[in-house]
Amino acid sequence: MPKKEKKIDLENLTPEESLKLEIAEELGLLDKVLKGGWKNLSAKETGRIGGLVSKKKKELKEQMLKSDANS
């Protein structure tokens with residue numbers, strides 16, 4: 001039995017979903033995601049988004065640590 005595709009609700013995004021969509025847009029994949037959902041992406045495209053999400057999260061965490069150290 002196929003999984004029911006969850007519609008992307010652009011009005012009620014979690015910070016994680018927002019970041020994923022932002023990165024998809026940077027990679028030129030946003031239209032593809034909005035038309036067919038995340039399942040419409042290839043494994044390579046999904047991996048690139050996941051890798052960039054991890055990188056951005058790490059950068060944000062480092063920035064927060066630096067700003068806490070300067071306080």
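Residues numbered from 1 in each chain as written. Predicted model: local features only at pLDDT ≥ 70, side-chain atom pairs only at ≥ 80, totals over all residues. Heavy atoms only, no water.

> An account of the side chain of Glu45 is requested, with residue identities and associated values reported.
Within the secondary structure, Glu45 sits in helix H3 (residues 43–70). Judged by its relative accessible area of 18%, Glu45 is buried. (Helix = DSSP H or I, 4+ residues; strand = E, 2+ residues; numbered from the N terminus. Buried < 20%, exposed > 50% of the residue type's maximum accessible area, 1.4 Å probe, protein only.)

> Mind laying out the nonpolar core, listing which residues take part and the relevant values?
Grouped together as the largest cluster of nonpolar side chains are 10 residues: Leu19, Leu21, Ile23, Ala24, Leu29, Leu30, Val33, Leu41, Ile49 and Val53. Those elements giving two or more residues to this core turn out to be helix H1 (15–26), helix H2 (30–36) and H3. At 4 residues, the largest contribution of residues to this core is made by H1. (Core = buried A, V, L, I, M, F, W, Y, C linked by side-chain atoms within 4.5 Å.)

> Requested: an account of H1, with residues and values cited.
Taking 1.5 Å of rise per residue, the 12 residues of H1 would be expected to cover 16 Å, and the 17 Å separating its terminal C-alpha atoms lies within 8% of that figure. Turning to H1, its buried residues are Leu19, Leu21, Ile23 and Ala24. Structurally, H1 contributes buried residues whose contacts are with H2 and H3. Of the residues flanking the end of H1, it is Gly28, one or two places downstream, whose phi is positive at about 80°. (Expected span 1.5 Å × (residues − 1). Contact = heavy atoms within 4.5 Å.)

> Explain the pattern of salt bridges to me, using residue names and the numbers behind them.
One pass over the full model with this rule turns up 4 salt bridges. Lys57 is the salt-bridge partner of Glu16, the closest N and O atoms lying 2.6 Å from each other. Taken as a pair, Glu16 in helix H1 and Lys57 in helix H3 lie far apart in primary sequence, 41 residues in all. On the basis of relative accessibility, which here comes to 36%, the residue Glu16 falls in the partly exposed class. Since its relative accessible area comes to 40%, Lys57 is described here as partly exposed. (Salt bridge = Lys/Arg side-chain N within 4 Å of Asp/Glu carboxyl O.)

> Tell me what's going on with the packing of H1 against H3, and back it up with residues and numbers.
Interaxial distance between H1 and H3 falls to 10 Å at its minimum, and their mutual angle equals 120°. Accordingly, the angle class assigned to the pair H1 and H3 is oblique. The handedness of the crossing between H1 and H3 comes out as right-handed. Along the contact surface, H1 presents Glu16, Leu19, Lys20, Glu22, Ile23, Ala24 and Glu26, while H3 presents Ile49, Leu52, Val53, Lys56 and Lys57. (Axes fitted to C-alpha atoms, helices over the stretch in contact; angles between N-to-C directions. Parallel < 35°, antiparallel > 145°, perpendicular 65-115°, else oblique. Left-handed = near helix turned anticlockwise from the far one by under 90°.)

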